[in-house]
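The lines below spell out each chain.
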Amino acid sequence: MGRSALSTPDPGLKVAGVDDIAELERLTVVRLLSLAKVAKPRTRKPTAWTAEEAKTFLEAAQEASDPFYAAYVLILVQRGPPRRRS
């Protein structure tokens with residue numbers, strides 16, 4: 001029986017410096033991925049709630065008997081109103 005086409009060494013692989021087709025495919029994928037440019041995600045500056053928005057949120061949480069209502073109150077009280085930067 002003759003040798004299979006898959007087991008016959010390809011002279012082109014030797015030129016590329018690899019021993020088998022799997023390694024050549026891996027190197028090709030790595031090279032292609034290194035050329036890809038990934039867009040940076042847009043970052044939005046977080047906006048603070050107004051007092052009216054916070055009040056509406058707390059009223060809705062209380063009416064819904066949200067188990068985290070007390071935590072929401074503490075978080076909003078702890079943060080307090082927005083401060084100006086000097």
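In the block above lies the structure referred to throughout.
Conventions used here
Numbering of residues starts from 1 in every chain and runs along the sequence as written. Since the coordinates come from a predicted model, pLDDT governs what is reported: local features require at least 70, and pairs of side-chain atoms require 80 or more to be given and counted, while whole-chain, interface and lining totals use all residues. Water and hydrogen atoms were dropped before computing side-chain values, which therefore reflect all heavy atoms in the structure. The secondary structure listing takes helices from DSSP runs of H or I that are at least 4 residues long and strands from runs of E that are at least 2 residues long, numbered from the N terminus. Exposed residues in this analysis have more than 50% of their type's maximum accessible area, buried residues have under 20%, and partly exposed residues fall in between, with area computed by a 1.4 Å probe over protein chains only. Patch definition: residues above 30% relative accessible area lacking any salt bridge, with like charges linked at up to 9 Å and the nonpolar side chains Val, Leu, Ile, Met, Phe, Trp and Tyr linked at up to 5 Å. Every accessible area reported is derived by Shrake-Rupley at a probe size of 1.4 Å, with residue values counting cover from the shown protein chains alone. Take a side-chain nitrogen of Lys or Arg and a carboxyl oxygen of Asp or Glu: if they are within 4 Å of each other, that pair is a salt bridge. The sign given to each residue is positive for Lys and Arg and negative for Asp and Glu; His and the chain ends receive no count. Lys charges are placed at NZ, Arg charges at CZ, Asp charges at CG and Glu charges at CD.

### Some thoughts on unusual backbone geometry
Argument step 1. Although it is not a glycine, Ser65 adopts a positive phi angle of roughly 55 degrees.
Argument step 2. Among the secondary structure elements, Ser65 is positioned in the loop between α3 (51-63) and α4 (69-79).
Argument step 3. Classification of Ser65 as exposed rests on a relative accessible area of 60%.

### Notes on a negative patch on the surface
Argument step 1. The grouping of Glu52, Glu53, Glu59 and Glu63 at the surface amounts to a negative patch.
Argument step 2. Following the sequence through the fold, Glu52 ends up in helix α3.
Argument step 3. When its relative accessible area of 52% is taken as the criterion, Glu52 is described as exposed.

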